[in-house]
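The primary structure of each chain is shown beneath.
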Amino acid sequence: MTCTQTAFTGATGARPITAWSRRIVRDLDARAPEAGDVERNRLYPVLEGAKAALKLGTPALETLKHLIGFTRPDDWKLGRTPLAWPSNYTLAELAGVTESAIKARLRQLRALGLVAAHDSAHGRRTGRRDAGGAITSAYGLDLSPLRIRFAELCALAEAQTAQSRLFREGRQAIARVRRLVGQVLAQAADLRLTGAHWMALQDEVERIAGGAAAARGARDSDAYRAALDLLPALERQVGETIDAFMFSENNNPSGLKTAPDIHIQTNPHPNDPVKAVRDCSSDPAAEDRTPTAVAASPSRSVFKARPTDLLAMFPSAAMYVTARSPGWPDIHTAAARLRHDLGIRTGVWVDALDRLGRDDAAITMLITAERQARGDIRQSAGAYFTGMIVKAQRDELDLGRSLWGFRTEMMADQPAGG
């Protein structure tokens, strides 16, 4: 059954025929032979997904779903016509609105080519079914356009779902990089580091976010992807800025010549804790300083280490230190370079600095590098390092225990009496 409209003019009350309505009718008639069976229940999610692309309002979609509900599954098979004949009063009762509102919704559905009018001579909706449920005679609202356009509607819904996913994941990616930049700027401020290169990071992330927001508002997926494609370059810029200005060889990353003491915890022998005083090449009196107390690790005791001890325990990191009398700034610089060479994301490194502090973050990096050099890491250095930071977030990271293990191995490898 083809989609038809009754051509009445004047004061008959019939809908006027327009060039647009005729175009829709001709297009549907041409595509009708290609249409096949449609599962009625699939129409609901497909229309929900395609409504934004169709510019179909939520009220009109509600009434369209009501109309679909007045049909039967067999009405959507090839050779049959899905017709519905509820009165405007019935539709208004279902939606809880006025009949005038229903008329406005039906006008939108007809204008979008989603339903067509199949009018009787008197303009009223009516219909009959035989004993098998097939429609024998009916006048009302023809839903054949939904069956004829079903493949098109599915494609629109899929495209809309993909775009929504793109926008959602893009917002998360932008938020992550914006947080990364914020952490870096806060870290730089804490270290008393200034310069236009820091604010350039903020300007760039805001420029990218603004471009993405404009593309999202215009529903332009290509422009949105183009904005997101700028994020990796910004992350690299963040990493390069950190390495060049926060951990450079000529800059003490603490902003001071004497940074706070490291205080790492372990307890291999509760009654005989091992203590080694922090050594900084720029502070020859460091051995006399009182350590700064911090919260105990899971093993609840103290293990202190000097930079020279760390380089002896972690030979894979020693090649990154050239100073003859290395101090903690040298360890920080080595860790920053190791981060780059191990392929650990800048955001993870900043999280480590924020969570552990510069000293413990550097030691965590040295442990990761040594494990990687020994072939102890089954996945990747980045995954291993991230796992250690996750443990730190749960207060389960015990760096001291790891250091004690490396120190024990180092001493066991030394010749007797060495």
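Residues numbered from 1 in each chain as written. Predicted model: local features only at pLDDT ≥ 70, side-chain atom pairs only at ≥ 80, totals over all residues. Heavy atoms only, no water.

## Here we look at the pattern of salt bridges
Here's step 1: Summed over all chains, the structure comprises 19 salt bridges.
Here's step 2: The partner of R176 in a salt bridge is E235, with the nearest N and O atoms 3.1 Å apart. With R176 in helix α7 (residues 150-190) and E235 in helix α10 (residues 231-246), the pair connects residues that are 59 residues apart, well separated along the chain.
Here's step 3: Accessibility expressed as a relative area gives 36% for R176, which makes it partly exposed.
Here's step 4: With a relative accessible area of 12%, E235 lands in the buried category.
Here's step 5: When the shortest N-O distance is used, the salt bridge between R339 and D243 registers 3.1 Å. A residue pair is termed long-range when its members are at least 10 positions apart, and R339 in helix α13 (residues 328-341) and D243 in helix α10 qualify at 96 residues.
Here's step 6: Take D243: its relative accessible area is 22%, and that puts it in the partly exposed class.
Here's step 7: Each of E48, K51 and K65 takes part in one network of salt bridges that share partners. (Salt bridge = Lys/Arg side-chain N within 4 Å of Asp/Glu carboxyl O. Helix = DSSP H or I, 4+ residues; strand = E, 2+ residues; numbered from the N terminus. Buried < 20%, exposed > 50% of the residue type's maximum accessible area, 1.4 Å probe, protein only.)

## Describing the nonpolar core
Nonpolar side chains in soluble globular proteins tend to end up buried together.
Here's step 1: One finds F314 and W349 to be the most contacted residues of the largest nonpolar core, which totals 62 residues.
Here's step 2: No other element matches helix α14 (residues 346-374), which puts 13 residues into this core.
Here's step 3: Every residue in contact with W349, bar those within four places of it in the chain, is listed here: I242, F247, A335, A336, R339, A361, A362, M365 and F385.
Here's step 4: Core analysis: the next-biggest nonpolar cluster, separate from the first, contains 29 residues, A50, L61, A95 and L153 among them. (Core = buried A, V, L, I, M, F, W, Y, C linked by side-chain atoms within 4.5 Å. Contact = heavy atoms within 4.5 Å.)

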